[in-house]
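Next come the chains, spelled out residue by residue.
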Amino acid sequence: AAGAKGKSLYDRLGGKGAITAVVDTFVGNVGGDKRINGYFATTDIPKLKMHLVNQICEAAGGPCTYTGRTMKQTHAGMGVDEAAFNALVEDLVKALDHHKVGKAEKDELLGILGPMKSDIVEKK
Ligand code: HEM
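Since this is a predicted model, take the numbers as computed values, not measurements.

Q: Explanation requested: the coordination of the iron atom of the ligand in the structure shown.
A: For a metal bound by four donors in a tetrahedral arrangement, the ideal donor-metal-donor angle is 109.5 degrees, while six donors in an octahedral arrangement ideally sit at 90 or 180 degrees. With respect to protein ligation, the iron atom of the ligand binds only His75 (NE2), at 2.1 Å. Relative to the helices and strands, His75 resides in helix H4 (residues 71–75).

Here it is, written out as structure tokens:
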């Protein structure tokens, strides 16, 4: 949602098209990342991208609805550890930088996704 100061994060990111472009690059980075791509070996990638776009769009105040499972349900039993989580965030930051997302928007988005860590990481 837009705050008193103006545009929502969704608008500042550039809307759904820009978010889709970032997610495409992000998932491409993850696919090429030997540290973590094994986790996604049997994943339906187009569906994953669709869920990520809607999740980010909705969290950023955009007109989307996330229809996937909770972060806890989704990642339960995967054995994701801190190193895997950090690798994925690195791949996301690379995608945001590739698309020249500004620092404020980048920090804001990472600030929304970061707290999900406790529902995703289950191994030290
Ligand atoms: C803030 C970080 C993360 C976010 C926001 C996130 C978000 C999501 C979302 C929205 C889905 C789709 C949910 C659904 O299918 O209902 C998903 C699936 C998945 N995530 Fe994550 N995730 C994160 C971190 C990670 C990490 C660190 C790993 C492993 C290195 C991981 C591995 C997976 C895998 C393998 C799937 C697909 C599961 C399947 O095939 O059904 N995720 N994630």
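Q: Got a minute to help me understand helix H3 (residues 45–59) in this structure?
A: Given 3.6 residues per turn, any residue in an α-helix points the same way as the ones three and four places further on. The terminal C-alpha atoms of H3 lie 21 Å apart, and with 15 residues this matches the ideal 21 Å at 1.5 Å per residue to within 8%. Those residues of H3 not exposed but buried are His51, Leu52, Val53, Asn54, Gln55, Ile56 and Cys57. Those residues of H3 that are buried are in contact with helix H1 (9–13), helix H2 (15–31), H4 and helix H6 (103–113). Measuring from the backbone nitrogen of Lys47 back to the side-chain oxygen at the start of H3 gives 3.2 Å, which picks out Asp44 as the cap. Where H3 ends, the next residue or the one after it, Gly61, has phi of about 90°, a positive value.

Q: How should the site of the ligand be read in this particular structure?
A: In the vicinity of the ligand there are 22 residues, among which Tyr39, Phe40, Thr43, Arg69 and His75 approach most closely. One of the side-chain N or O atoms of Thr43 is found 2.9 Å from an oxygen atom in the ligand. Within the contact set of the ligand, an oxygen atom lies 2.9 Å away from a backbone nitrogen or oxygen of Arg69. Mapped onto the shell around the ligand, the elements with two or more residues apiece are H3, H4 and helix H5 (82–98). Per-class residue counts for the shell around the ligand are 15 nonpolar, 6 polar and 1 charged.

The rules behind the values
Residues numbered from 1 in each chain as written. Predicted model: local features only at pLDDT ≥ 70, side-chain atom pairs only at ≥ 80, totals over all residues. Heavy atoms only, no water. Donors = N, O, S within 2.8 Å, 3.2 Å for Na, K, Ca; no water. Helix = DSSP H or I, 4+ residues; strand = E, 2+ residues; numbered from the N terminus. Expected span 1.5 Å × (residues − 1). Buried < 20%, exposed > 50% of the residue type's maximum accessible area, 1.4 Å probe, protein only. Contact = heavy atoms within 4.5 Å. Polar contact = N/O pair within 3.5 Å; in protein donor to acceptor, adjacent residues only side chain to side chain. Near = heavy atom within 4 Å. Nonpolar A, V, L, I, M, F, W, Y, C, P; charged D, E, K, R; others polar.

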